[in-house]
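Structure at a glance
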Amino acid sequence: MHGLVNIFVSLVFCFLVTAQTNRPVVDLGYAKYAGVVDNTTHNTHFLGIRYAAPPIGALRWRAPEPPAPIAGVQSADTQPFTCFFAGFGVSAASPFRNGSFPTSLHDSNNSDNRRASTEFGPSEDCLFLNVYTPGILNPAHVTKPLPVVVWIHGGGYMSGSASGFRGTDFFNGDDLIREAGGNIVVVVIQYRLGVFGFLPGTNVKERGDLNAGLLDQHFALKWVQDHVGKFGGDPSLVTIWGESAGAGSVLQHVIAQDGNTTPPLFRGAITSSSFLPSQYNFDDTFSEDLYNEVVSLTGCSSSSGDQDTLTCLRAVDAGTLENANVKIGDSAFFGVFIFVPVVDGTFITQRPTQAFKQKKINGVFLLAITNTNEGNIFVDQTTADSVQTANYVAQLFPHFGEAEIDKAVEQYAGVGTNIEKANTIMGEAIFICPTYFLMRAFGDKAFKGQFAIPPALHGQDVAYYFPSTMNPNGRPAFDNVDFDNAFAQSFLNFAISLDPNVKTDPSNITPQWSAWEGGLNEILFNRTEDGRPDVRQVQTSDELLKRCTFWESVSALSGQ
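Below, the structure is looked at part by part. Keep in mind that this is a model prediction, so the values were computed, not measured.

**Details of the overall build of the chain**
Helices and strands together make up the secondary structure of the chain, namely 19 helices and 14 strands. Taken over C-alpha atoms, the radius of gyration comes to 24 Å for the chain, in line with the 24 Å a tight globule of 560 residues would show. Taking all 560 residues of the chain together, 59% fall into the buried category. Carbon and sulfur atoms form 53% of the exposed surface of the chain, whose accessible area is close to 21,600 Å².

**Details of the pattern of salt bridges**
Counted under the stated rule, the structure contains 13 salt bridges. A salt bridge links Arg192 to Asp216; the nearest nitrogen and oxygen atoms lie 2.7 Å apart. Here Asp216 lies in helix α6 (residues 212-227) and Arg192 lies in the loop between β8 (185-189) and α4 (194-198), a separation of 24 residues in the sequence. Comparing Arg192 with Asp216, the two get one shared label, buried. Here Glu428 ties to Arg547 by a salt bridge, and the two come within 2.8 Å at their closest N and O atoms. Taken together, the residues span a long stretch of sequence, with Glu428 in helix α14 (residues 418-442) and Arg547 in helix α18 (residues 542-553) at a distance of 119 residues. Residue classification places Arg547 among the buried residues on the basis of a relative accessible area of 14%. Three or more residues are tied together by salt bridges with common partners; here these are Arg178, Glu179 and Asp484.

**Observations regarding unusual backbone geometry**
The peptide bond linking Thr262 to Pro263 adopts the cis configuration, its omega dihedral lying at -5°. Here Pro263 shows up in the loop between α7 (245-259) and β10 (268-272). In this chain, Pro454 is followed by Pro455 through a cis amide linkage whose omega measures 5°. By the secondary structure assignment, Pro455 is in the loop between β12 (446-451) and α15 (462-465). Despite not being glycine, Gln257 shows a phi value in the positive range, around 55°. Assignment of secondary structure puts Gln257 in helix α7. Unusually for a residue other than glycine, Leu498 sits at a positive phi of about 60°. Along the chain, Leu498 falls in the loop between α17 (481-497) and β13 (522-527). Leu498 gets classed as buried once you look at its relative accessible area, which sits at 12%.

Cut-offs used in this document
Residues numbered from 1 in each chain as written. Predicted model: local features only at pLDDT ≥ 70, side-chain atom pairs only at ≥ 80, totals over all residues. Heavy atoms only, no water. Helix = DSSP H or I, 4+ residues; strand = E, 2+ residues; numbered from the N terminus. Rg over C-alpha atoms; globule rule 2.2 N^0.38 Å. Buried < 20%, exposed > 50% of the residue type's maximum accessible area, 1.4 Å probe, protein only. Areas by Shrake-Rupley, 256 points an atom, 1.4 Å probe, with all protein chains shown as cover. Salt bridge = Lys/Arg side-chain N within 4 Å of Asp/Glu carboxyl O.

Just geometry here; none of it tells us what the structure is for.
Below, the structure is given as structure tokens:
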């Protein structure tokens, strides 16, 4: 009997080894990964590749380090664990405007309200990426390396992952490969979020590394330079693309290291809904208050002996830290993400708006898309109409004085009801106007589009980039082939040639893209009332640009 069992085990082992060796295997030096070929698309997927060491223990709030060697062949067939995550604020007032965080955060009866886990985590050990290649990859016979798209997920720097927000709406690289006609390699990255990735304060500056989440992304981009050639990609033809905080991350890498990252990590940049919340200095009073609140909630303010608080925080259980992450996140003003990048003086040396004015940028060409109603989902629609515009502005930008508040109110006097004013202020101040500031830095090498399919809310464009997983039936709400070809393909054309114009399909309905250059033209992507595509060139609103000039003038106080 034992002999039969041994024979069976040996046969199973041989079968597994045979099956594994028939799969494409890429040797990264520190590890070998076996990809899987999708039965439908026949593209090759490498899921859950470790690109950095686990950022735990002494590596918490440290720049990422190379992973340790891994023996054997790893099966890259499963979405990676997500990072710990939280959400945006749900409070009626900003703790910074009020001068303190709510005392209820310290109530011992306040239950642990961490976001629900999925089958993919969350975990503090989450620095993984996915690679998608067209067709069946043969690493030994890559004849013509392809352009590369690196996708950076959104979520306000506090949530999101390679496997989406629910674990089933993952960013499927096959969609981008299809839209590119099979002519790109796709990389989807994860990075530390919330308190784990963006803890500010002088203590972190002196004893750790600020903006750890951005440093994760930077490390992943260097990984692409080192390894994407083994997947058939050309490291000299990289475009970085993100939506929301992913687009905000693209913005950060554009200005990183004073716009002089050497060697260059990308040539093209795409921003879908650029996200630029208040990005204060690492030692701003708000930054220090935030750090101290984390210390207090985790019990590190009462640490004994000579142990500094950051050392204590590194020893805190991840679940305890995540509980503080969620509680503090919830305590922010409604719609505000509280753990976001700071000006750290090293990687990000100055406020983004300053860098744009000085044209200190990485990358050569930019394609930027904004949605018509970016701000609505970040405004409490049940209460905002009773909130006066002056108070809304004061809560959104706590450093504003009466003069700045009055000027903001004046700018939006003719917009409509209080809630319409709040929606527009949030959308323009945080998403739309920063996009125009960014484009000016690229001059005649920037293209601009606007997604307007009703209701054109923040994030609704993503369903058109990744239709197979972001829609219940695998198709976007406006399921029109001509629109899809005009919209989604523009991004991939840009990634391939730094030009969003379609040159190979004479039936394409998109007007000729040309450089934005101060608002003379951008492409509107909409639909008619009878369900036909409405894609045309429009001029940027003079009133909008006037309001953007105001936001630029107060950027030192808004932290932008």
